[in-house]
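The residues making up each chain are set out below.
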Amino acid sequence: LLDFDSFLQHHAINCGWLSLLTPEANQLKKIRSKGNRQPLYDKDFWDAYQLATAVERMLGNILHWAKAQTGEYESFVDMLAEPESGLPALSHAGRGRPAH
C-alpha cells in the first residue's frame, strides 16, 4: 500500500537512475581510450574532472533524497507501530441534568 519496502526501486525506475550516468560514463570512456592512443592534454584532464564532479553531484543529490525519504518513512513506521491511546470516558455535563 505505502511501498515502504520498495519506494527506492520505484523512484529509481521513475527517475531513470539506471541510465542517469550513461552520458558521463561514455565521455570518460572516450577520454580514456584517447589516452591509450595519444598523450592527454590539460583540457582532457579538466574535462574528466568536470565529468567526475558532475557524477559526484548527481549521486549526492540521489543520496540526499534517499536519506530524507527514508527518514520520512521511518517516522510513518514509528507512528503506525504504536497504537494511539483511546480517549478517556467523558462524563455527562452538569447542566441540564434532572435533579434527583
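See the structure shown above.
Quick look at the structure, then. (Residues numbered from 1 in each chain as written. Predicted model: local features only at pLDDT ≥ 70, side-chain atom pairs only at ≥ 80, totals over all residues. Heavy atoms only, no water.)

1. Regarding the overall build of the protein chain
Item 1. Helix and strand counts for the protein chain stand at three helices and zero strands.
Item 2. Written out in order from the N terminus, the α and β elements of the protein chain read α-α-α.
Item 3. For the protein chain, the residues scored as buried account for 13% of the 100 residues in total.
Item 4. Counting contacts in the protein chain only where the partners sit at least 6 residues apart, residues at least 24 apart contribute 68% of the total.
Item 5. Surface summary for the protein chain: the accessible area is close to 8,900 Å², and the carbon and sulfur share equals 59%. (Helix = DSSP H or I, 4+ residues; strand = E, 2+ residues; numbered from the N terminus. Buried < 20%, exposed > 50% of the residue type's maximum accessible area, 1.4 Å probe, protein only. Contact = heavy atoms within 4.5 Å. Areas by Shrake-Rupley, 256 points an atom, 1.4 Å probe, with all protein chains shown as cover.)

2. Remarks on the side chain of Asp44
Item 1. Structurally, Asp44 is set in helix α3 (residues 42-81).
Item 2. Contacts of Asp44, omitting those with residues within four sequence positions, involve Ile31 and Lys34.

3. Remarks on the packing of helix α2 (residues 22-37) against α3
Item 1. Their axes nearest at 10 Å, the elements α2 and α3 cross at an angle of 155°. Taken together, the axis directions place α2 and α3 in an arrangement best described as roughly antiparallel. Of the two elements, α2 crosses α3, and the hand of that crossing is left-handed. Residues Glu24, Gln27, Leu28, Ile31 and Lys34 of α2 form the contact with α3, whose participating residues are Asp44, Asp47, Ala48, Leu51, Val55 and Met58.
Item 2. A per-class count over the contact of α2 with α3 returns six nonpolar, one polar and four charged. (Axes fitted to C-alpha atoms, helices over the stretch in contact; angles between N-to-C directions. Parallel < 35°, antiparallel > 145°, perpendicular 65-115°, else oblique. Left-handed = near helix turned anticlockwise from the far one by under 90°. Nonpolar A, V, L, I, M, F, W, Y, C, P; charged D, E, K, R; others polar.)

Interpretation note: all reported values are geometric properties and have no functional meaning in isolation.
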